[in-house]
Amino acid sequence: MINVDFLLASCNTRCKHCYVNGGPGPMMPVGDALACIERLDALAAHLPGDVSFTLDHEPVNHPCLGQILRMAAQTRHIENYHHGMTTGVGLMARPDKAAVVQAYLECGYETFGVTLHGGPAHHNEIVRRRNAYEAAIAAGKFLKAHGAKLDVSLMLNRFFPADADMLTAAMEDLQPDYIYFAIPIFTPHRNMLDFEPYRASMETLRQLRGYLLEWRQDEAAILKKAEQSTISAAIAHLRCGPGLRERFSQAQDELYLTLHPDCKLYVGNSGAESRCLGDLRSIDLKAAAEQIRSLPGNRDYGAYYDAGRLPEDGALIETLEKLPPGQIYGDLPSAIYRGLAEMGVPTNIIR
Ligand code: SF4
């Protein structure tokens, strides 16, 4: 599986947990965007397996989005994977927002999502933008009123028990089609430590018993999964499971690439670029496809560490033992990356 993160129009927030380098930034000119979709389609014709691209971070910021969506929906060899997540800030600021939603619906992209990080004060603090909560709620209502399906992602942090009643009221207000419950992961990006003071623990989660059911969640399954991604679980895993080197050298079959607004194509997830493959508008597509086919997978961020520079398991365990044992991460590798960040272990991510 190959996915290209197509960074079209930057983002309106600067979330503390952002692992894809969101935030305000440059916009890809419409001519380049259309040319890049065409070039990606031609590149995909030379690649095996499922090849997709994702218009990111906040495509609704682009003034010519309708034109871009229509082109993205007509490709032959590559699929536009629509995740539909929006902060709501860009959408609600547009005078033509109804036409933007209509363009999505006409192209077959029906589902959208907003993320809530708690009540208004904590949400705005975590995404580092005033009135972002209000924009997310307004966008959710607007999208539903204009015929879209709405998902809400509740992204856990330590404020959730204090804000739980507000979140329940927001769910009643929005009546989403689906509610996700997300625990932020930890990846080896330079900004990830900013979220650590906000990270929830198993104790936070236990305080949410009852609320999780109100939010249509399988409470027992969430508690069990969370237990498996604590600092304690990472220590137990390193003591009894495969060692760090073995774990990080396992082959992966998903490859992520990123296309920047300047049309440069990189190896690696957005924010974890490890090598530039050149300007998509002018590279030799056959040669680029050959290069891409030879690359190892990189979905798991373990791929970004040089095995020779990894610490011994014992040293990592010692570091992890100094961290709060009940802190929960989105998955077990994240708890391990947290320990590696604490030790300052370098990666091959371009800074
Ligand atoms: S909305 Fe998404 S892309 Fe934007 S800053 Fe937040 S996490 Fe990053």
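Thresholds, definitions, all that
- Residues numbered from 1 in each chain as written.
- Predicted model: local features only at pLDDT ≥ 70, side-chain atom pairs only at ≥ 80, totals over all residues.
- Heavy atoms only, no water.
- Helix = DSSP H or I, 4+ residues; strand = E, 2+ residues; numbered from the N terminus.
- Rg over C-alpha atoms; globule rule 2.2 N^0.38 Å.
- Buried < 20%, exposed > 50% of the residue type's maximum accessible area, 1.4 Å probe, protein only.
- Contact = heavy atoms within 4.5 Å.
- Axes fitted to C-alpha atoms, helices over the stretch in contact; angles between N-to-C directions.
- Parallel < 35°, antiparallel > 145°, perpendicular 65-115°, else oblique.
- 1 Å grid on protein atoms, 1.4 Å probe; cavity = no way out; pocket = protein on both sides within 12 Å on 5 of 7 lines; lining within 4 Å.
- Points joined across faces, edges and corners; volume = space filled by probe spheres on them.
- Nonpolar A, V, L, I, M, F, W, Y, C, P; charged D, E, K, R; others polar.
- Pairing = 2+ DSSP bridges.
- Core = buried A, V, L, I, M, F, W, Y, C linked by side-chain atoms within 4.5 Å.
- Near = heavy atom within 4 Å.
- Arc of directions from axis to C-beta.
- Polar contact = N/O pair within 3.5 Å; in protein donor to acceptor, adjacent residues only side chain to side chain.

Participant: Sorry if this is basic, but what is going on with the overall build of the protein here?
Facilitator: The helix and strand tally for the protein stands at 15 helices and 9 strands. The globule rule puts the C-alpha radius of gyration for 351 residues at 20 Å, and the 21 Å found for the protein is close to it. In terms of principal-axis extent, the alpha carbons of the protein reach across some 55 × 50 × 30 Å. Residues classed as buried in the protein amount to 57% of the 351 residues present. The long-range fraction of contacts in the protein, counting pairs at least 24 apart against all pairs at least 6 apart in sequence, stands at 78%.

Participant: Quick question: what am I supposed to make of the packing of helix 14 (residues 313-320) against helix 15 (residues 332-343) here?
Facilitator: The relative placement of two packed helices is expressed as an angle between their axes plus a distance between the axes. Contact geometry for helix 14 and helix 15: axes closest at 9 Å, N-to-C directions at 90 degrees. Between helix 14 and helix 15, the angle is such that the two are roughly perpendicular. Contacts between helix 14 and helix 15 pair Ala315, Leu316, Thr319 and Leu320 from the former with Ala335, Ile336, Gly339, Leu340, Glu342 and Met343 from the latter.

Participant: Which parts of the structure should I look at to understand the layout of surface pockets?
Facilitator: Space left empty within the atom packing is revealed by a probe, the size of a water molecule, rolled over the atoms. Of the pockets and cavities examined, the second largest pocket occupies roughly 260 Å³. Forming the walls of the second largest pocket are 15 residues, and the residues nearest its centre are Pro296, Gly297, Asn298, Ala303 and Tyr304. Considering only residue class, the lining of the second largest pocket consists of 7 nonpolar, 7 polar and 1 charged.

Participant: Looking at this structure, I do not really get the sheet that holds strand 8 (residues 264-267). What am I missing?
Facilitator: Taken together, 6 strands build an open sheet; the order of strands is 3-2-1-7-8-9 and the sheet is mixed. Pairing within the sheet leaves two strands with one partner each, and these edge strands are strand 3 (79-80) and strand 9 (275-279). Two elements, strand 2 (residues 51-56) and strand 3, share 2 bridges in a ladder whose sense is parallel. Counterpart to Ser52 in the pairing with strand 3 is Glu79. Packing against the sheet, helix 1 (residues 30-44) makes contact with strand 1 (2-7), strand 2, strand 7 (255-259) and strand 8, and its axis sits at approximately 170 degrees to strand 1. Packed onto the sheet, helix 13 (residues 285-293) meets strand 1, strand 7 and strand 9 and runs at close to 165 degrees relative to strand 9.

Participant: How should empty space enclosed by the protein be read in this particular structure?
Facilitator: Under the definition given, this model contains 2 cavities of 30 Å³ or more. Space inside the largest cavity adds up to approximately 120 Å³. Lining the largest cavity are 15 residues, and of these Leu55, Pro59, His82, Gly84 and Tyr104 sit closest to its centre. A class-by-class count of the residues in the lining of the largest cavity yields 8 nonpolar, 6 polar and 1 charged. If you trace the second largest cavity, you find it lined by Val60, Thr86, Leu91, Val100, Val101, Tyr104, Phe112 and Leu143. It is helix 4 (residues 97-106) that contributes the most residues to the lining of the second largest cavity, 3 residues altogether. Of the residues belonging to the lining of the second largest cavity, the class tally is 7 nonpolar, 1 polar and no charged.

Participant: Explain the nonpolar core here, please?
Facilitator: Side chains of nonpolar character tend, in soluble globular proteins, to be buried together. Ranked by size, the top nonpolar core spans 49 residues in total, and within it Phe6 and Leu257 carry the most contacts. Per-element tally for this core: the top contributor is helix 1, with 7 residues. Sequence-distant contacts of Leu257, that is, excluding residues within four places in its chain, are made with Ile2, Asn3, Val4, Asp5, Leu265, Tyr266, Val267, Gly268, Leu277, Ile292 and Leu295. Ranked by size, the runner-up nonpolar core spans 29 residues in total, among them Ile179, Ile183, Ala200 and Met202.

Participant: What is the right way to look at the site of the ligand in this model?
Facilitator: Within the structure, the ligand sits among Cys11, Thr13, Cys15, His17, Cys18, Val20, Gly22, Gly23, His57 and Thr87. Looking at side-chain class alone, the shell around the ligand contains 4 nonpolar, 6 polar and no charged residues.

Participant: Help me understand helix 13 in this model?
Facilitator: Turn by turn, an α-helix covers 3.6 residues, leaving residues three or four places apart pointing in a common direction. Those residues of helix 13 that sit buried are Leu285, Ala288, Ala289 and Ile292. In an axial view of helix 13, the angular spread of the buried residues amounts to 100 degrees, which keeps them on one side of the axis. Across helix 13 from its buried face, at more than 90 degrees, point the exposed residues Lys286 and Glu290. Contact partners of the buried residues in helix 13: strand 1, helix 1, strand 7 and strand 9. For helix 13, the capping residue at the N-terminal end is Asp284, with a side-chain oxygen 3.0 Å from the backbone nitrogen of Lys286.

Participant: What exactly am I supposed to notice about the sheet that holds strand 4 (residues 111-116) here?
Facilitator: Strand pairing within a sheet occurs via backbone hydrogen bonds; the two strands may be parallel or antiparallel. Taken in spatial order, the 3 strands make up an open sheet running 4-5-6, and their pairing is parallel. Either end of the sheet is taken by a strand with one partner, and the two such strands are strand 4 and strand 6 (178-182). Taken over all neighbouring pairs, the strand axes of this sheet differ in orientation by 25 degrees on average, direction set aside. As judged from the 6 bridges shared by strand 4 and strand 5 (residues 149-155), these two strands associate in the parallel manner. Paired with Phe112 across the strands is Leu150, a residue of strand 5.

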